[in-house]
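# Topology and contacts: notes
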Amino acid sequence: MNEVKNSCLGLIFDVQRYSIHDGPGIRTTVFFKGCPLKCWWCHNPEGIDSGKELMYFEYKCMHCGTCAEVCPMGAIEFDESPRVSRHLCIACGNCSAACPSDALRLVGREYTVGELMKEIERDVLYFDNSSGGVTFSGGEPLYQHEFLLEVLKECKKMGIHRTLDTSGFAPQEVLALVMDYVDLFLYDLKLIDEKEHIKYTGVSNAQIKENLRFLVNYGRAKDIILRFPVIPGINDTPDNVEDMVEFISTLKGLREVDLLPYHDVSEKYNRLDKDYKMTVHKSPSRERLMEIKRKFEDIGLYVKL
């Protein structure tokens, strides 16, 4: 194994097998840790922070107190149930390893390129029989672009179909490095108004829109599926949908948009002791989803719901 593969490490928080919603065929989805966006509605809050962290599953807890006993930093206090002082926790994994019921779980594991490729290669038969492949998701895979690039190269050598699920928020030179090794982009578009985008995600959308235009101008429009997470009261408004339609209309060659209805994931945030900013907890109505679907169909896009 070459020097890059030995020295380059990636932090992964899940490897999901037999996935059928993240690209064509049967896929293995690799979830990268770390994301520069802080979307209020993020469905994978365990992928936001760039380091390892603990998740606590209260329904599994036996209330035995073992976790507090083995914590070397005194980061866990036990009073009927464990309370984790996040500022003290060093994510050493002692508590999760000792927990008899898997109520504490350390999220994030370091992989070398070779180790991750072994995980991916286990499913090659499924890929071949279903025209599937591997999808890199997160978090934001481009946040760990050096590791991502090496894995993409190895997958390409093996003829494995490669999909990148991305927010598009990365320097253009980073996108340029990886794009020739990607077969399909699942490209998120959330809000067109920049101020609204900053409010609800924490970052500007200027780079996101510029990178999408860059891919289209590079001739990759046919290899892009837009993903629109439909968030009630935030981006399903008439103004945002109209702005979205107008913006996409300027990008010639795009063929498909997937509508991803919001689902409440507040429990995940509780497990991480993170604040959940969403005040709406219901999915968008079927009627509203169909209205948005027709808007995109009117400009010639195939809409998957």
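Residues numbered from 1 in each chain as written. Predicted model: local features only at pLDDT ≥ 70, side-chain atom pairs only at ≥ 80, totals over all residues. Heavy atoms only, no water.

### Structural notes on the overall build of the protein
The criterion, for reference: Note on conventions: DSSP H or I runs of at least 4 residues are helices, E runs of at least 2 residues are strands, and numbering of each starts at the N terminus. Atoms counted for the radius of gyration: C-alpha only. Globule rule: 2.2 Å times the number of residues to the power 0.38. Each residue is assigned to one of three classes by its accessible area relative to the maximum for its type, calculated with a 1.4 Å probe on protein chains only: buried under 20%, partly exposed between the two thresholds, exposed over 50%. Between two residues, a contact is recorded if the distance between any of their heavy atoms is within 4.5 Å. Using the Shrake-Rupley algorithm and a 1.4 Å probe, accessible areas are obtained, with residue cover drawn only from the displayed protein chains. Asp and Glu count as negative and Lys and Arg as positive, but His and the ends of the chain are not part of the count. For this purpose, a charge sits on NZ of Lys, CZ of Arg, CG of Asp or CD of Glu.
Across its full length, the protein carries 12 helices and 13 strands. Relative to the compact-globule value of 19 Å for 305 residues, the protein shows a C-alpha radius of gyration of 20 Å, a close match. In terms of its C-alpha atoms, the protein occupies a principal-axis envelope of roughly 60 × 50 × 35 Å. Taking all 305 residues of the protein together, the buried fraction comes to 52%. Within the protein, contacts between residues at least 6 apart in sequence are counted, and of these 70% link residues at least 24 apart. When the accessible surface of the protein is summed, it comes to about 14600 Å², and 49% of that surface belongs to carbon and sulfur atoms. Of the side-chain charges in the protein, 38 are positive and 47 negative, and the distance between the mean point of each set is 3 Å.

### Here we look at the UniProt feature "domain: Radical SAM core" (unreviewed entry) in the protein
Spelled out, the test is: UniProt positions are given in the numbering used here, feature names are shortened, and annotations may be inferred rather than shown by experiment.
Here, the residues flagged by UniProt with the feature "domain: Radical SAM core" (unreviewed entry) are residues 21-300. The span residues 21-300 shows a helical share of 36% and a strand share of 20%, and its end C-alpha atoms are spaced 22 Å apart.

### Remarks on the environment of Ile292
The residue Ile292 is located in helix H12 (residues 286-297) in this model. Sequence spacing of Ile292 and Val245 is 47 residues, and the spatial spacing of their C-alpha atoms is 9.7 Å. The contacts of Ile292, once residues within four sequence positions are left out, are Phe228, Val230, Asp236, Val241 and Leu259.

### As for unusual backbone geometry
With the exception of glycine, the majority of residues adopt a negative phi angle, and the majority of peptide bonds are in the trans configuration. Of note, the amide linkage connecting Gly138 to Gly139 takes the cis form, showing an omega dihedral of 20°. In this structure, Gly139 sits in the loop between strand E8 (133-138) and helix H6 (145-157). Although it is not a glycine, Asp102 adopts a positive phi angle of roughly 60°. By secondary structure assignment, the location of Asp102 is in the loop between helix H3 (94-98) and strand E6 (104-107). Taking the relative accessible area as the measure of exposure, Asp102 reaches 34% and is therefore partly exposed. Residues other than glycine seldom take positive phi values, yet Ser131 does so here, at roughly 55°. By the secondary structure assignment, Ser131 is in the loop between helix H5 (124-130) and E8.

### Considering the packing of helix H10 (residues 238-249) against H12
Selection criterion: Under this scheme, a helix contributes an axis fitted over its contacting stretch, all axes are lines through C-alpha atoms, and angles between N-to-C directions fall in the 0 to 180 degree range. Angular relationships are summarised with four words: roughly parallel below 35 degrees, roughly antiparallel beyond 145, roughly perpendicular across 65 to 115, and oblique for the angles in between. Crossing handedness follows the turn of the near helix against the far one: under a right angle anticlockwise gives a left-handed crossing, and clockwise gives a right-handed one. Asp, Glu, Lys and Arg are counted as charged, while Ala, Val, Leu, Ile, Met, Phe, Trp, Tyr, Cys and Pro are counted as nonpolar; the rest, among them Gly, fall into the polar class.
Contact geometry for H10 and H12: axes closest at 10 Å, N-to-C directions at 25°. The angle between H10 and H12 places the two elements in the roughly parallel class. Remark: the crossing between H10 and H12 carries right-handed chirality. In this structure, H10 contributes Pro238, Val241, Glu242, Met244, Val245 and Ile248 to the contact, and H12 contributes Arg288, Ile292, Lys295 and Phe296. Across the contact of H10 with H12, the residue classes break down as seven nonpolar, no polar and three charged.

### Comments concerning the pattern of salt bridges
To be explicit about the condition: What makes a salt bridge here is a side-chain nitrogen of Lys or Arg within 4 Å of a carboxyl oxygen of Asp or Glu, nothing more.
All chains considered together, the criterion is met by 23 salt bridges. Put simply, Asp273 and Arg86 hold a salt bridge, and the shortest N to O gap is 3.1 Å. Within this pair, whereas Asp273 is found in the loop between helix H11 (266-272) and H12, its partner Arg86 is found in the loop between strand E5 (81-84) and H3, the two being separated by 187 residues in sequence. One salt bridge connects Asp188 with Lys190, and the closest N-O pair in it is separated by 3.6 Å. Note on Asp188: relative accessible area 17%, which makes it buried. Judged by relative accessible area, Lys190 falls into the buried class, the value being 7%. Linked by salt bridges that have partners in common, Arg17, Glu119, Arg122 and Asp123 make up one network.

### Side note on the nonpolar core
In globular proteins that are soluble, nonpolar side chains generally tend to be buried together. The cut-off we apply is this: To define a nonpolar core, start from buried Ala, Val, Leu, Ile, Met, Phe, Trp, Tyr and Cys residues and group those joined through side-chain atoms within 4.5 Å.
Counting 55 residues, the largest nonpolar core has Ile120, Phe136 and Phe296 as its most contacted members. A total of six residues in this core trace back to one element, the largest contributor, which is H6. For Phe296, the residues in contact, after removing those within four places along its chain, are Phe228, Met244, Val245, Ile248, Val257, Leu259, Leu301 and Val303. Residues Leu37, Ile231, Ile234 and Val265 belong to the second largest nonpolar core, which totals 17 residues.

### Focus: the packing of aromatic side chains
For clarity, the cut-off: A pair of aromatic rings is counted whenever rings of Phe, Tyr or Trp (Trp by its six-membered ring) have centres within 6.5 Å, and the orientation is called stacked for planes under 30 degrees apart, edge-to-face for over 60 and tilted otherwise. Definition used: whenever NZ (Lys) or CZ (Arg) falls within 6 Å of the ring centre and also within 35 degrees of the ring normal, the charge is taken to sit over that ring.
Applying the stated criterion across every chain, the model contains nine aromatic pairs. Plain terms: the ring middles of Trp40 and Tyr200 are 4.7 Å apart, the flat faces sit at 75° to each other, and that makes the pair edge-to-face. Linking Trp40 in the loop between strand E2 (27-32) and strand E3 (53-56) with Tyr200 in helix H8 (residues 194-201), this pair joins segments that are 160 residues apart in sequence. For the pair Trp40 and Tyr200, a shared accessibility class is recorded, and that class is buried. Feature note: the residues Phe32, Phe136 and Phe147 constitute an aromatic cluster, connected by ring pairs. Stacked on the ring of Phe57, the Lys or Arg Lys60 has its end atom at 5.2 Å from the ring centre.

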